[in-house]
Amino acid sequence: METNHTLEICKEFKSLIRPHPQKEFLELETSILNNGCLEPIKVWRGYIVDGHCRYDICTRYHIPFSVEEMPFDCKEAAVVWICATQCKRENITEEARHFLIGMQYETEKIINSNKRDDLLNPQEEDDFLPESEILPCRHITAQRLAKENNVSFGTIQKYARYTRAILEIGRKAPELVPKILSGRYKMSHNSILEIERMSPEEIQKLNKRLGNSRNQVILKFKKSRAVIQSNYTTSASGTQSSVKDMPSFDPDAAINSLTLTIPSWLDSIQRTKQNTNFNHVSKPALIKAQTILDELATAVTELLFLIEEV
């Protein structure tokens, strides 16, 4: 049904939606001007959950639009849907994707916690369910999100920690968060955790220093506090080590050994995929393999984070 009535904007909902690049926005505007608003604006209790740009264009040019009411039970369910929907976009940055996956996980934890409270404190005596019989929803949620996003169980936990840090940074310096999630400021996982622990004044100084650069800023963990005290440049300084500085041991030994070992793991995994009928494998064996692979994936993720910090 076409309408021109006013819809509400929820800041929390809108903050989860990455702005369209200018070119895409102009293409959308041209399409709506020529063909009308073909896709309905999705709302929940009058608040837009999808279609902020379409609504903006339609209201500016007085173009009719249709509205689709979403059947969410609560605000948290709307947040989960927005995060999952936004993650499917191809034009969002990895920073935004990690934040959205972490936000979805954190919000689903709230929903599961509320459901757990309802089960432990039922309205009717017959609805009572002992706590021991309630499934570990948090673990199941993380496993499901890991599968949906093709990452490990441990990575979901890291994304959730990243999200909590971004939210805390946003509380202290709201203007910094869009720059991080847009990819303009390339900051490693540990850098984000380091910035989270800074005072609002320190974060403001950091933001001011970084804001002086017109180019993309790459900030790593060891430099995050140093930036506050000195001018920041995106190019690394070319210092050379003298013979005195060279270690007496081979610093590459462990990495080189690991690099030589990993191809055999990959070969084993490939042979297993080719030669195994997974429908005939016992459930205990599959669960054991899944547990070990999850641990391996987590270890790989942690090692990649360490490498990125160098």
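These notes cover the structure that comes with them. Source: prediction; values computed, not measured.

Our next topic: the pattern of salt bridges. Any two side chains of opposite charge can pair if their charged atoms end up close together. Counted by the stated rule, this structure contains 16 salt bridges. Across the pair E12 and K75 runs a salt bridge, and its minimum N-O distance is 2.9 Å. Here K75 lies in helix α4 (residues 75-87) and E12 lies in helix α1 (residues 11-15), a separation of 63 residues in the sequence. What makes E12 partly exposed here is its relative accessible area of 37%. Classification of K75 by relative accessible area gives partly exposed; the value is 36%. Between R197 and E194 there is a salt bridge, with the nearest N and O atoms lying 3.3 Å from each other. For R197, a relative accessible area of 52% gives the class exposed. On the basis of relative accessibility, which here comes to 11%, the residue E194 falls in the buried class. Here the salt bridges do not stand alone but share partners, grouping E29, D56 and R60 into one network.

The next point concerns the packing of aromatic side chains. Each pair of aromatic rings is reported with the distance of its centres and the angle of its planes. Counted by the stated rule, this structure contains two aromatic pairs. Between the aromatic rings of Y55 and F65, the centroid separation amounts to 5.7 Å while the plane-to-plane angle is 85 degrees, which identifies the pairing as edge-to-face. A residue pair is termed long-range when its members are at least 10 positions apart, and Y55 in helix α3 (residues 52-61) and F65 in strand β4 (residues 65-69) qualify at 10 residues. Under the relative-accessibility criterion, Y55 is labelled buried at 11%. Note on F65: relative accessible area 1%, which makes it buried. Measuring from centroid to centroid gives 5.9 Å for F72 and W81, while their planes differ by 50 degrees, and the two rings are tilted. F72 gets classed as buried once you look at its relative accessible area, which sits at 14%.

Counted at 1.5 Å a residue, the expected span for helix α2 (residues 22-35) with its 14 residues is 20 Å, and the 20 Å between its end C-alpha atoms agrees. Burial in α2 covers these residues: F25, E29 and I32. Viewed along the axis of α2, the buried residues span an arc of 65 degrees, placing them on a single side of the element. Facing away from the buried side of α2 by more than 90 degrees, the exposed set consists of K23, N34 and N35. The inward-facing, buried residues of α2 abut α3. The positive-phi residue at the C-terminal boundary of α2 is G36, with phi of around 85 degrees.

Conventions and cut-offs
Residues numbered from 1 in each chain as written. Predicted model: local features only at pLDDT ≥ 70, side-chain atom pairs only at ≥ 80, totals over all residues. Heavy atoms only, no water. Salt bridge = Lys/Arg side-chain N within 4 Å of Asp/Glu carboxyl O. Helix = DSSP H or I, 4+ residues; strand = E, 2+ residues; numbered from the N terminus. Buried < 20%, exposed > 50% of the residue type's maximum accessible area, 1.4 Å probe, protein only. Phe/Tyr/Trp six-rings, centres within 6.5 Å; stacked < 30°, edge-to-face > 60°. Expected span 1.5 Å × (residues − 1). Arc of directions from axis to C-beta. Contact = heavy atoms within 4.5 Å.

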